[in-house]
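The lines below spell out each chain.
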Amino acid sequence: MNRRRASVPAGAAAAGPGHLAAAAGLVLLGEGFWGLMPGTAAAAAGLFVLIVQASVLALGFVMLAARWELAVRGLSRDVLPLLVVIVCVASSIWSQAPLMTLQAGLLLLLVLGFGIALALRFALAELARVAAVAALTLVLAQVLGQLVDGTNVAGLRVGGGELALALTASIWAGATDARWRTGWSVAAVVCAVLALATSDVASLGAAFGLLAGWLAARLARAGLPGVIGLAWLLAAGTLAITLFGLFLAPELADSLRAAGAGQGLVWLSGTGFAAGGRSLVDAFWLGTGVWGTGLAVLAVAGFVIRAAVQDARTGDAACLALCGLVGAMALAPAQMQLVSPVLVILCAVGFAAAAGTVPATDRPRRRPLAARPQGRAMAASRTHAPRGPAPGVRASRYRS
């Protein structure tokens, strides 16, 4: 009997135009692709990149149009990612740059929507291959671009956390794709060697995260009943602190700043989401303070716990991928940008782990325009069936 993985549905082995389009979209979100483009002016180039990336991310909501019920159902099982977006957008109330904060908050919403669309469109094994192809393309583009410019091997730099994404996605794809496991293993070894040559801190964090993900999946198979309950208890506490910050922080900030003691509240509420920059350090820690960053960390922790439980049940290596990306972001948050394929894949895998496997009865199916009765079809097949000449009778040259 042939056994098939639960995460790989029938007919999902071959790559199609949808896989290539998703990989191309992730490439357009990467820093390595735009580093090869010749720019005229920094402001114009930045505006052009922002328009292209926002357009690519907006396609996620177009993809969600036919699956919005599944998206709502998945978000109802884990509201923390949406709550993080709401906190980031609401921080424009007390932000030092309200327009910039509002723009960055909407971009974060687009990133979440694009990740959800990828999770609903592809199985996790397919998403692993899509992420690996996109990340390896970005790494190859950065390395070739620097070598063409005359940079030696010791001076190579792969920014944006894309090398860590390539390492994580290659190991993830190798764990879920038995057919091309050797090729993905070779790609992972090449990424590891390149990370050692460039002293990439994010890749080191990804390596620790991959090890932690493997251990978390093994512990989940053993059974840990109190972990999820503790996580939701922490979620309730963080939610209370967040609501306090949303509704009371502006008035308290004005009063404390008037009294000359506003530094403590700035440490708690931040200066506005992404008001000082688009890296994760500037966007979350400096932008949303303690409770915004704590809420984001708690949402990621919920992703990891759910992925570990799902990985123990299905074996789709979701926990391996999530922990690798989380390790890269934890060790090198300054390298990670708000709009990046790393954050998109994190949202996609986290939503897939939270929503679980979509039952076959819930998937939209195409109905034929006109259904032909089975009896008529059988009668027609009998009527038009070819008949041979009777024994002993010569066949005619012409057909009636």
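In case you missed it, the structure is sitting above this.
What comes next is a walk through the structure.

### Side note on the packing of aromatic side chains
Right, on to step 1. The tally for this structure, following the rule as stated, stands at one aromatic pair.
Right, on to step 2. Between the aromatic rings of Phe273 and Phe284, the centroid separation amounts to 5.2 Å while the plane-to-plane angle is 70°, which identifies the pairing as edge-to-face. Here Phe284 lies in helix α13 (residues 280–314) and Phe273 lies in the loop between α12 (263–269) and α13, a separation of 11 residues in the sequence. By the burial criterion, Phe273 is buried, and Phe284 matches it.

### Let's talk about empty space enclosed by the protein
Right, on to step 1. Scanning the entire structure with this criterion turns up two cavities of 30 Å³ or more.
Right, on to step 2. Of the voids in this model, the second largest cavity is the one considered here, and its volume is about 50 Å³.
Right, on to step 3. As for the second largest cavity, its lining consists of Gly74, Leu75, Asp78, Pro81, Leu112, Ile116, Phe303, Phe351 and Ala354.
Right, on to step 4. At the level of elements, α4 (68–77), α6 (98–121) and α15 (341–355) are the ones that each hand at least two residues to the lining of the second largest cavity.
Right, on to step 5. Within the lining of the second largest cavity, the residues separate by chemical class into seven nonpolar, one polar and one charged.

### A word on the layout of surface pockets
Right, on to step 1. In this structure, the second largest pocket encloses a volume near 550 Å³.
Right, on to step 2. Among the elements of the structure, α5 (80–90), α6, α13, α14 (318–331) and α15 are those that each provide at least two residues to the lining of the second largest pocket.
Right, on to step 3. Residue contributions to the lining of the second largest pocket peak at 11 residues, all from α13.
Right, on to step 4. By residue class, the composition of the lining of the second largest pocket is 22 nonpolar, one polar and no charged.

Criteria and cut-off values
- Residues numbered from 1 in each chain as written.
- Predicted model: local features only at pLDDT ≥ 70, side-chain atom pairs only at ≥ 80, totals over all residues.
- Heavy atoms only, no water.
- Phe/Tyr/Trp six-rings, centres within 6.5 Å; stacked < 30°, edge-to-face > 60°.
- Helix = DSSP H or I, 4+ residues; strand = E, 2+ residues; numbered from the N terminus.
- Buried < 20%, exposed > 50% of the residue type's maximum accessible area, 1.4 Å probe, protein only.
- 1 Å grid on protein atoms, 1.4 Å probe; cavity = no way out; pocket = protein on both sides within 12 Å on 5 of 7 lines; lining within 4 Å.
- Points joined across faces, edges and corners; volume = space filled by probe spheres on them.
- Nonpolar A, V, L, I, M, F, W, Y, C, P; charged D, E, K, R; others polar.

Functional significance is not addressed by these values, which are geometric in nature.
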